[in-house]
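Chain and residue survey
Here's the letter readout for the chains.
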Amino acid sequence: IFMAWVWYDRFDTTFEPADVDAKSPIHPADIFSLIRATPPIATPIFRIGTTLAKFERFHCPPVLATPVVDVEWRRIILDYVPEDLIQFWPIKVVCRDGVSEKYSMLMVFAQVRCIDPGRSDIISAKQIEEIILIFSCARYVHHEDCLRGYHLARDEQKSSHLVLSDELRNALATTGESAMFYRPEDL
């Protein structure tokens, strides 16, 4: 049985996550889609109040958007996830003392239904045809084997709910970072 971890914000840093810069030519929400962009139309710009060295010490730094990853994590992800199910969108991060261009937003196209609405404590949702769109939960419970063989997917009921397999989570954690991975019951 594939157990699903949730890829969520990291809270193990001393600085606030990078946020979209007011001068960014594109907002990440504008490209957040289940459709591959070919080629990317612009480079999203983020701003953070920490130094470049502190920011770039992470493989997956704190950014207010979909997860961003460096080249090493990109390589690991591609070992588990077929290229047609993901896309890496280059970003620029303006730090206090420099600019980083070594990261890409991770766009995930595979969809599953991991969240079990009947056993989760849903705060806000909307029923649309055959699906419950979940906006917030006090407690998440996943269906068993919800990844259906995928190593990385997006919950179709809550698009910000990225789920990954034990195998992919463990491979990424070998780099020394795993603070952004949670069991659903721990969110």
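Structure's up top.
Residues numbered from 1 in each chain as written. Predicted model: local features only at pLDDT ≥ 70, side-chain atom pairs only at ≥ 80, totals over all residues. Heavy atoms only, no water.

1. A word on the overall build of the protein
A tally of regular secondary structure across the protein gives four helices and 14 strands. Relative to its length of 187 residues, the protein is compact, with a C-alpha radius of gyration of 16 Å against a globular reference of 16 Å. Taking the principal axes of the C-alpha coordinates as reference, the protein spans close to 50 × 35 × 35 Å. Residues classed as buried in the protein amount to 47% of the 187 residues present. Contacts in the protein between residues at least 24 apart in sequence constitute 67% of all its contacts with a sequence separation of at least 6. As presented, the protein carries roughly 9,500 Å² of accessible surface, and 50% of it is formed by carbon and sulfur atoms. Averaging the coordinates of the 20 positive side-chain charges in the protein and doing the same for the 27 negative ones gives two points 4 Å apart. (Helix = DSSP H or I, 4+ residues; strand = E, 2+ residues; numbered from the N terminus. Rg over C-alpha atoms; globule rule 2.2 N^0.38 Å. Buried < 20%, exposed > 50% of the residue type's maximum accessible area, 1.4 Å probe, protein only. Contact = heavy atoms within 4.5 Å. Areas by Shrake-Rupley, 256 points an atom, 1.4 Å probe, with all protein chains shown as cover. Lys, Arg positive; Asp, Glu negative; His and termini not counted. Charge placed at Lys NZ, Arg CZ, Asp CG, Glu CD.)

2. Some remarks on the nonpolar core
With 30 residues, the main nonpolar core has Trp-7, Trp-73, Ile-77, Leu-152 and Leu-172 as its most contacted residues. Mapped onto this core, the elements with two or more residues apiece are β1 (4–7), α3 (71–80), β5 (86–90), β8 (104–108), β12 (152–155), β13 (162–165) and α4 (166–173). By residue number, the principal contributor to this core is β1, which donates four residues. Beyond its immediate sequence surroundings of up to four residues, Trp-7 is in contact with Cys-60, Pro-67, Val-69, Trp-73, Ile-77, Leu-106, Leu-152, Leu-162, Leu-164, Leu-172, Met-180 and Phe-181. Counting 17 residues, the second-largest nonpolar core is a separate cluster that includes Phe-15, Val-68, Ile-91 and Val-93. (Core = buried A, V, L, I, M, F, W, Y, C linked by side-chain atoms within 4.5 Å.)

3. Description of the sheet that holds strand β7 (residues 98–100)
The four strands are arranged β2-β3-β6-β7 in an open sheet whose pairing can be described as mixed. A single partner strand is all that each edge strand has here, and the edge strands are β2 (19–20) and β7. Note that strand β3 (residues 45–47) and strand β6 (residues 92–95) share three bridges and pair parallel. The residue bridging Arg-47 from the neighbouring strand is Val-94, located in β6. (Pairing = 2+ DSSP bridges.)

4. Details of α3
Three or four residues apart is the spacing at which side chains of an α-helix point the same way, because the helix has 3.6 residues per turn. Within α3, burial applies to Trp-73, Ile-76 and Ile-77. End-on view of α3: buried residues confined to an arc of 100°, all on one side of the axis. Opposite its buried face, α3 presents the exposed residues Val-71 and Asp-79, each directed more than 90 degrees away. Put simply, Asp-70 is the residue that caps the front of α3, since its side-chain oxygen is 3.2 Å from the backbone nitrogen of Glu-72. (Arc of directions from axis to C-beta. Polar contact = N/O pair within 3.5 Å; in protein donor to acceptor, adjacent residues only side chain to side chain.)

5. As for the state of the cysteines
A full pass over the atoms with the stated rule returns one disulfide. Across the disulfide, Cys-114 is cross-linked to Cys-146 (sulfur-sulfur distance 2.1 Å). Its torsion about the S-S bond being 80°, the disulfide of Cys-114 and Cys-146 is classed as right-handed. Linking Cys-114 in the loop between β9 (111–112) and β10 (121–128) with Cys-146 in the loop between β11 (131–139) and β12, this pair joins segments that are 32 residues apart in sequence. A relative accessible area of 0% places Cys-114 in the buried class. Free cysteine: Cys-60, not disulfide-bonded; nearest cysteine sulfur from Cys-95 at 15 Å. For Cys-95, a relative accessible area of 6% corresponds to the buried category. (Disulfide = S-S within 2.5 Å.)

6. Details of the pairing of β10
Bridging between β10 and β11 involves seven bridges; their strand directions are antiparallel. Across the sheet, residue Asp-121 finds its bridge partner in β11, namely Arg-139. Between β10 and the antiparallel strand that follows it, β11, lie two residues; Glu-129 among them carries a positive phi value of about 55°.

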